[in-house]
Amino acid sequence: MSKRIDVTDLNVYYGDFLAVEGVTMAIEPRQVTALIGPSGCGKSTFLRTLNRMHEVIPGARVSGKALMDGVDLYGAGVDPVAVRRQVGMVFQRPNPFPTMSIADNVLAGVKLNNRRISKSDAASVVEQSLRGANLWNEVKDRLDRPGSSLSGGQQQRLCIARAIAVQPEVLLMDEPCSALDPISTLAIEDLINELKEQFTIVIVTHNMQQAARVSDRTAFFNIAGTGKPGKLIEIDDTGTIFSTPSVPATEDYISGRSG
Amino acid sequence: MSLATATPPVPTRPRSLGRGVQTSRRRLPRWAPWSILGSAILLSLAVLTLADATSVPSVLALAAVVYAGGITVTALVVEGPRWAKDRLATTVVIGAFLVALIPLVSLLWIVVARGLRLFSWDFLTTDMVGVFGSMTTGGVQHAIVGTLLITAAAAVISVPIGLLTAIYLVEYGRGPLARAITFLVDVMTGIPSIVAGLFAFALFTLFFGPAYRAGIMGAVALSLLMTPVVIRSVEEMLRLVPNELREASLALGVPKWLTILKVVLRTAVAGIVTGIMLAVARVIGETAPLLIAVGMMTKTNTNLFEGRMATLPVFAYNEYSKGGVGIDRAWAAALTLIVIVMLLNLIARFVSSKFAPKAAR
Ligand SMILES: Nc1ncnc2c1ncn2[C@@H]1O[C@H](COP(=O)(O)OP(=O)(O)O)[C@@H](O)[C@H]1O
Ligand SMILES: [Mg+2]
């Protein structure tokens with residue numbers, strides 16, 4: 001249950017504005033790839049192209065290729081809905097469905113798609129996903145309470161449970177901890193370490209220590225100035241990026257001299 | 001104000017924080033505003049008696065002015081300028097609230113008081129067959145049936161159109177088409193109801209000739225008035241649904257139409273129900289278009305597609321213009337209409353609270 005993604009010469013546009021230019025990188029299966037870089041350099045934009053969520057924004061489009069295990073994600077016959085079932089996403093702010101209970105939030109991928117599921121299957125999906133998100137013990141007694149009754153960190157783990165309940169191959173996370181306190185952040189980082197046994201994970205983070213702690217590979221994006229496109233500067237093993245990066249700009253950013 | 005009531009009426013010396021901020025000083029006791037109010041009323045009464053111009057409104061108006069001045073000056077002397085401003089603002093806000101209540105309460109009062117003269121179970125369950133001259137029998141059963149049927153038919157026409165238009169505008173509409181629709185909806189909101197009635201009449205005359213009268217004509221006229229209200233309120237409710245919920249659903253691999261159906265509409269349903277209720281309340285009392293298109297009838301007609309129908313507003317209008325006992329019937333019919341609107345509102349509230357997003361408690 002994990003696939004690799006090979007991105008080649010990817011440009012992302014918002015209307016006429018070129019937001020991200022010429023990204024070529026490989027995202028390895030069962031590894032955590034961290035995207036770092038200053039604000040506005042296109043990390044979120046690039047991340048959203050990996051499950052075609054950019055298409056939700058009017059005027060956004062891509063050129064280039066992204067192959068998931070050899071299949072072009074942007075191919076003519078490829079349904080974006082099918083892509084999103086294989087490439088799940090966790091957002092910056094926890095966004096459980098306010099009209100649903102905790103259990104229904106976990107089952108959202110099934111229920112919203114009108115798929116039938118037996119009661120026992122549903123219960124086991126809920127339990128497995130919540131266990132997978134390290135949330136089971138905290139909520140097992142109140143599965144029918146609204147998802148919004150949880151704390152911010154618990155809500156974010158609920159969103160992760162919701163994402164893994166549909167058994168995707170890849171999990172995208174856009175600054176999943178930036179709205180959370182340090183303890184909840186640690187809980188999510190531990191969780192990421194466990195999840196990478198099963199999933200390919202791409203995480204955007206502004207926190208260098210977090211990138212160093214959770215990721216196997218790190219990609220550094222940069223932007224020459226406002227109005228200019230963001231570019232991938234380099235991607236390498238996390239250890240290498242944080243000790244001996246090959247581009248000076250990376251070192252400047254990591255050591256806090258720019259960005 | 002809670003601070004004001006919590007502070008003891010004993011004069012205390014100004015205490016100060018480290019930075020020299022005064023935290024407390026002499027405050028008026030709790031009874032002070034009431035006694036000033038009492039004195040203001042007495043004073044106004046006395047002055048107006050001398051001037052021989054006593055009436056409830058004049059006394060109250062003068063007393064309000066005297067009270068506002070009195071409490072502000074007293075507070076200025078005892079409590080200082082900041083509290084004086086607070087007292088003045090409080091007085092003005094409460095005063096404005098009371099003034100706003102006057103028309104509401106007096107309207108309800110008059111309708112209930114005059115409506116109750118004839119209002120009874122019999123009134124609700126008989127029609128006007130065989131009622132002549134100054135007979136006090138007769139009732140509005142046929143008009144209730146007509147109003148409910150015609151309004152329901154109008155809602156059946158307007159709600160789907162309004163809902164789908166609002167969904168288009170919020171979830172799909174971009175560019176000139178969406179802007180044109182928004183503009184037309186704005187224009188439609190301003191259509192006078194008599195124009196809607198004439199339009200419906202002309203439309204049906206084209207197909208069925210000038211002698212045709214049916215409840216459906218009224219329903220079409222009402223739906224012209226109702227649709228823009230539905231569109232507007234549903235549109236507003238849909239825009240309140242956070243984009244993050246749409247994205248959360250789409251990112252789970254849920255197609256857009258299911259996302260709209262099961263996330264956006266589901267999240268907004270409480271507000272949508274309220275909005276539709278407001279639209280119904282807006283048209284249920286319309287008189288002019290129904291007068292033209294549906295006319296009047298003395299007995300119950302449940303066929304929307306054939307024949308005249310009685311409706312409560314037209315019934316009230318008709319009876320009122322007859323004079324005599326008809327005037328009492330008009331008031332009782334008005335009361336019936338208000339009761340119906342209130343019942344519909346209660347139902348809508350119940351439905352809304354059933355579907356509202358569960359609070360984080
Ligand atoms: N919905 C959008 N419409 C137009 N431009 C956008 C949109 N989202 C982001 N951008 C632009 O794309 C660039 C990259 O933004 P983003 O991907 O959010 O950066 P990051 O996540 O690295 O902070 C920025 O210049 C931003 O202004
Ligand atoms: Mg971002």
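The next point concerns the pairing of strand 7 (residues 170-174) of chain A. All names here are of chain A. Among the 5 residues that make up strand 7, 5 are buried, leaving the element largely enclosed by the rest of the structure. Burial along strand 7 is two-sided: V170, L172 and D174 and L171 and M173, pointing in opposite directions, are all buried. In terms of strand pairing, strand 6 (residues 87-90) meets strand 7 through 4 bridges, oriented parallel. Opposite M89, over in strand 7, you have L172 as the bridge partner. One ladder, built from 5 bridges, connects strand 7 with strand 8 (residues 200-204); its direction is parallel. From the neighbouring strand, L171 faces strand 8, where its bridge partner is I201.

Residues and elements named next belong to chain B. Taken as a whole, chain B is organised into domain 1 (31-115) and domain 2 (141-360). The C-alpha-based centres of domain 1 and domain 2 are spaced at 41 Å. Overall, the association of domain 1 and domain 2 removes approximately 590 Å² of surface from exposure, summing both partners, and the carbon and sulfur fraction of that is 77%. Three residues, V111, R114 and G115, lead the burial of domain 1 against domain 2; their summed loss comes to 75% of the area buried on that side. Between domain 1 and domain 2 we count 0 salt bridges in total. Put simply, domain 1 and domain 2 have 0 residue pairs in polar contact (both at pLDDT 80 or more) between them.

All names here are of chain B. Taken together, the side chains of V93, I94, F97 and L98 define a hydrophobic patch exposed on the protein surface, amounting to about 410 Å² of accessible area. With respect to the helices, strands and loops of the structure, V93 is situated in helix 4 (residues 81-115). Taking the relative accessible area as the measure of exposure, V93 reaches 56% and is therefore exposed.

Quick notes on the rules
Residues numbered from 1 in each chain as written. Chains lettered and ligands numbered in written order. Predicted model: local features only at pLDDT ≥ 70, side-chain atom pairs only at ≥ 80, totals over all residues. Heavy atoms only, no water. Buried < 20%, exposed > 50% of the residue type's maximum accessible area, 1.4 Å probe, protein only. Helix = DSSP H or I, 4+ residues; strand = E, 2+ residues; numbered from the N terminus. Pairing = 2+ DSSP bridges. Domains from an automatic or database assignment. Buried area = accessible area lost by both parts, 1.4 Å probe. Salt bridge = Lys/Arg side-chain N within 4 Å of Asp/Glu carboxyl O. Polar contact = N/O pair within 3.5 Å; in protein donor to acceptor, adjacent residues only side chain to side chain. Patch = residues over 30% accessible without salt bridge, like charges linked within 9 Å, V, L, I, M, F, W, Y side chains within 5 Å. Areas by Shrake-Rupley, 256 points an atom, 1.4 Å probe, with all protein chains shown as cover.

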